[in-house]
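# Structural features, examined
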Amino acid sequence: MLKFILKPATLLMMAISSNLIADELVIDEQVAPTVSKVCPTDFFALPLYPNAKFCQLFDTKLPATLSYFAVDDQQTTKDFYLQELGEAEDEEMLKGRIVLQYEKGEKVVIISKDGAGSQVDILVKSTS
């Protein structure tokens, strides 16, 4: 009987201590993403998939990253980038993600499965 009383008490203490830790957490505004309801049509000259949603901009200065949701599957999204940007200098599948690299790795597009659609992460290291 005692162990049944101690379990809920232990869980309650864990929840309280995690809330205290979360309350003390300070997020650096330079690193925190900016979420936009309206996505841009491009990001440092790299196009976004039509009707992109849930854009998160991680920095406006280089290196910069933008993540968003595309309504179509990975292959369709990949085909869009190949049509818009041409064949990637390097293309590989890493842990279920399609990685396309352009301009000697200075511009990278990562396409991950996300439900019926795709999550697209664009990393731009430089524009030269």
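Figured I'd write up the structure that's included with this text. (Residues numbered from 1 in each chain as written. Predicted model: local features only at pLDDT ≥ 70, side-chain atom pairs only at ≥ 80, totals over all residues. Heavy atoms only, no water.)

All right, on to the overall build of the protein then. Counting its secondary structure elements, the protein contains two helices and nine strands. Put simply, the protein has 128 residues, and 28% of those count as buried. Across the protein, the fraction of contacts at a sequence separation of at least 24, relative to all contacts at a separation of at least 6, is 39%. By element, 59% of the accessible surface of the protein is carried by carbon and sulfur atoms, the whole surface being about 8,900 Å². (Helix = DSSP H or I, 4+ residues; strand = E, 2+ residues; numbered from the N terminus. Buried < 20%, exposed > 50% of the residue type's maximum accessible area, 1.4 Å probe, protein only. Contact = heavy atoms within 4.5 Å. Areas by Shrake-Rupley, 256 points an atom, 1.4 Å probe, with all protein chains shown as cover.)

Okay, the pattern of salt bridges next. The tally for this structure, following the rule as stated, stands at two salt bridges. Taking the shortest distance from any N to any O, the salt bridge between lysine 78 and glutamate 91 comes out at 2.5 Å. Taken as a pair, lysine 78 in helix H2 (residues 74–85) and glutamate 91 in strand E6 (residues 90–94) lie far apart in primary sequence, 13 residues in all. Residue classification places lysine 78 among the buried residues on the basis of a relative accessible area of 13%. (Salt bridge = Lys/Arg side-chain N within 4 Å of Asp/Glu carboxyl O.)

Before going further, it helps to examine the pairing of strand E5 (residues 64–70). The element E5 is extensively covered by neighbouring structure, given that five of its seven residues are classed as buried. Inspection of the sheet shows strand E4 (residues 53–57) paired to E5 by three bridges, in the antiparallel sense. Note that in E5 the partner of leucine 57 across the bridge is leucine 66. Joining the antiparallel neighbours E4 and E5 is a turn of six residues. In this sheet, strand E9 (residues 117–124) lies alongside E5 in antiparallel orientation, the contact comprising seven bridges. Directly across from tyrosine 68, in E9, lies its bridge partner valine 120. (Pairing = 2+ DSSP bridges.)

What follows covers unusual backbone geometry. Here the residue pair leucine 62 and proline 63 is connected by a cis peptide bond, since its omega of -5 degrees sits within 30 degrees of zero. Within the secondary structure, proline 63 is located in the loop between E4 and E5. At phenylalanine 44, a position not held by glycine, the phi torsion is positive, near 50 degrees. Tracing the sequence through the fold places phenylalanine 44 in the loop between strand E2 (42–43) and strand E3 (46–47). Overall, phenylalanine 44 belongs to the partly exposed group, its relative accessible area being 27%. In the Ramachandran plot, glutamate 103 falls in the positive-phi region, its phi being about 50 degrees despite a non-glycine side chain. For glutamate 103, the location among the structural elements is in the loop between strand E7 (97–102) and strand E8 (107–114).

In this section: the packing of aromatic side chains. Across all of its chains, the model carries four aromatic pairs by this definition. Taken together, a centroid distance of 5.1 Å and an interplanar angle of 70 degrees make the contact between tyrosine 49 and phenylalanine 80 edge-to-face. One end of the pair, tyrosine 49, is in the loop between E3 and E4; the other, phenylalanine 80, is in helix H2, with 31 residues separating them in the sequence. The exposure class assigned to tyrosine 49 is buried, which follows from its relative accessible area of 9%. On the basis of relative accessibility, which here comes to 13%, the residue phenylalanine 80 falls in the buried class. (Phe/Tyr/Trp six-rings, centres within 6.5 Å; stacked < 30°, edge-to-face > 60°.)

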